[in-house]
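Working through the structure, step by step
Residue strings, one per chain:
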Amino acid sequence: MLGSAATLSAIILYMASSAGMTIVNKLAVRALPLPLLVTVVQMLFTVLCLVAVPALRKAVHFGSARDAWRWGRAIPPLFAMMLATSMLALRHASMGAVVVVRSIAPLPTLAVEALCGEKVRVDAATVLSLLLGVAGVLLYSRHDIQFSSAGLCWLGANTLAAVLERLLQRHMIAVEPIDVSKQGMMLINNGVGALLVLPIALATGEGSKLLQPPDAGESTGGASSGGAIVLDAHAAVLLLLSCINGMVISYAGLNVQAHVTATAMLVLNNSCKFVVVAFGVFVLNEASSPQSVVG
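Residues numbered from 1 in each chain as written. Predicted model: local features only at pLDDT ≥ 70, side-chain atom pairs only at ≥ 80, totals over all residues. Heavy atoms only, no water.

**Digging into the overall build of the protein**
Regarding its fold elements, the protein presents 14 helices and three strands. Residue burial in the protein is summarised as follows: out of 295 residues, 50% are buried. Carbon and sulfur atoms provide 70% of the accessible area of the protein, an area that totals close to 13900 Å². (Helix = DSSP H or I, 4+ residues; strand = E, 2+ residues; numbered from the N terminus. Buried < 20%, exposed > 50% of the residue type's maximum accessible area, 1.4 Å probe, protein only. Areas by Shrake-Rupley, 256 points an atom, 1.4 Å probe, with all protein chains shown as cover.)

**With respect to the packing of helix α6 (residues 106-115) against helix α8 (residues 149-175)**
Where α6 contacts α8, the axes come no closer than 10 Å and their chain directions differ by 35 degrees. Classified by chirality, the crossing of α8 by α6 is right-handed. Contacts between α6 and α8 involve T109, V112 and E113 from the former and V163, L167 and R170 from the latter. (Axes fitted to C-alpha atoms, helices over the stretch in contact; angles between N-to-C directions. Left-handed = near helix turned anticlockwise from the far one by under 90°. Contact = heavy atoms within 4.5 Å.)

**Side note on the packing of helix α4 (residues 65-92) against α8**
One can describe the packing of α4 onto α8 by two numbers: an axis separation of 8 Å at closest approach and a directional angle of 150 degrees. When the interaxial angle is binned, α4 and α8 end up roughly antiparallel. Regarding α4 and α8, the two cross each other, and that crossing is left-handed. A class-by-class count of the residues in the contact of α4 with α8 yields 19 nonpolar, six polar and three charged. (Parallel < 35°, antiparallel > 145°, perpendicular 65-115°, else oblique. Nonpolar A, V, L, I, M, F, W, Y, C, P; charged D, E, K, R; others polar.)

**Let's talk about the side chain of N158**
Of note, N158 is situated in helix α8. A residue is classified by how much of its surface remains accessible, and N158, at 2% relative accessible area, is buried.

**Observations concerning the pattern of salt bridges**
Taken as a whole and assessed by the stated rule, the structure comprises one salt bridge. Measuring nitrogen to oxygen at the nearest pair gives 3.0 Å for the salt bridge that ties E165 to R166. Owing to a relative accessible area of 1%, E165 belongs among the buried residues under this scheme. The class of R166 is buried, set by a relative accessible area of 11%. (Salt bridge = Lys/Arg side-chain N within 4 Å of Asp/Glu carboxyl O.)

**Let's talk about the environment of H259**
Turning to its location among the elements, H259 is positioned in the loop between α11 (233-257) and α12 (262-271). Its relative accessible area of 30% is what places H259 among the partly exposed residues. A sequence separation of 249 residues divides H259 from A10, and the C-alpha atoms of the two residues are 7.8 Å apart. The residues contacting H259, other than those within four sequence positions of it, are A6, T7, A10 and R170.

**Things to note about α12**
The buried fraction of α12 amounts to seven of the ten residues, a majority that puts the element mostly inside the structure. Along α12, the residues that are buried comprise A262, T263, M265, L266, L268, N269 and N270.

**As for the nonpolar core**
In terms of nonpolar packing, the biggest core is built from 25 residues, with L32, L36, V38, M43, M82, V197 and L239 touching the most fellow members. Element by element, the count of residues in this core is highest for α4, at six residues. Other than its neighbours up to four places away in sequence, L36 contacts A84, L88, V197, I200, A201, T204 and E206. In this structure, C49, I75, I178 and M185 belong to the second largest nonpolar core, which totals 14 residues. (Core = buried A, V, L, I, M, F, W, Y, C linked by side-chain atoms within 4.5 Å.)

**Quick word on a nonpolar patch on the surface**
Together, L13, V237, L240, L241, I244 and V248 make up an exposed nonpolar region whose accessible area comes to about 460 Å². At five residues, the largest contribution of residues to the nonpolar patch is made by α11. Residue placement: L241 occurs in helix α11. (Patch = residues over 30% accessible without salt bridge, like charges linked within 9 Å, V, L, I, M, F, W, Y side chains within 5 Å.)

**Looking at the state of the cysteines**
Under the definition given, this model contains zero disulfides. Free cysteine: C243, not disulfide-bonded; nearest cysteine sulfur from C49 at 8.7 Å. (Disulfide = S-S within 2.5 Å.)

**Side note on the environment of A89**
By secondary structure assignment, the location of A89 is in helix α4. Residue classification places A89 among the buried positions, given a relative accessible area of 0%. Through-space distance from the C-alpha of A89 to that of W154 is 5.2 Å; in sequence the pair is 65 residues apart. Those residues within four positions of A89 in sequence are excluded, and the remaining contacts are V98, W154 and L155.

**Observations regarding the side chain of S181**
Along the polypeptide, S181 turns up in the loop between α8 and α9 (182-203). In contact with S181, other than residues within four places in its own chain, are A59, V60 and H61.

**Digging into α4**
Its 28 residues place the ends of α4 40 Å apart at the C-alpha level, agreeing with the 40 Å of an ideal helix rising 1.5 Å per residue. Along its length, α4 shows its largest kink, about 35 degrees, at G72, and proline P76 lies within four residues downstream of that point. (Expected span 1.5 Å × (residues − 1). Bend = angle between axes of the 7 residues up to and from the residue.)

Below is the structure:
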C-alpha cells in the first residue's frame, strides 16, 4: 500500500511539473529569446540551491567515485542535450508541435526496453494504445502544426536525447542501482550540463545579444531596435519561475524513474500535455480547429 502511494505521489509530482515546465519555458523564451542561456541559468539555479540550502546539501550523497563517474559520463550530456533542444524547439515550433512529436517516443522506447529484458508488457493492447496516440498526432498535425525545418530538426534531436536519457536513467536507478542520491544526481546533471551548454550558447552569440534594461521610451522584452535582447522585469519573473520549475522537475523526473519504466514515464509525460495543448489553443492562439482538437 505504501509502495502504491509513493508511486502515485511520484507520478502526480512529475506530471504537474512537466506540464508546468513546458508552459513556463514557452513563455520565458517568448519574453527572452535566448533559449540556450535560459537553459544554463536554470541549471545553475539548481546547482546553487543544492549547494547553498543546508537541507538540500545534506541530502547530496555519492557512495563511490565509480558510481558518480558511471552517472556523470552518460546522463549529463543527454540531459543537457534534451533541455537545450527542447528550448530551441519551443523557439522554432508551436507548443502543440512539440507535444505531438514527443508522443511518438514511447514506441521505440518500448521496443528497446523489451529487447534489454526490462519488465514491460508488449502485447496487442499496449501497441495499439501507443499507435492510437500516433494517430492522434497525425490528425492533430495534418493542417495545424506549426514549425520550421529547424524546429523539426530540434524536435528530432530532443526526442532521441529523451529516449536515450530515460532508458539509461531507468537502468542506473532501478535495474542496476548506483549509490548516488537523487540530489547528487541532480547536482551532476545540472553542473556538468551547464558546463556543456554554456560554450554553445556563447558560440551562437546569445551572450552578446543580452543588454541592460532599456532607457525610458524604448520597448522592453524581446528584441530591441538593434536586434539585441532586453531583460526586463516581466522576462526576469518568467525566468525565475522557469528556474524553480526546472529544479522541481529535475528531482521529480529522477524520483518517478524509480517507480515506472522508461516507456511508462514517456507515456506519462505525453498524457500530462493535454494541459499544455489546451494552454496553447486558448492562451497562445495555436492550432484550434475541430480536427486538431479531436486529434
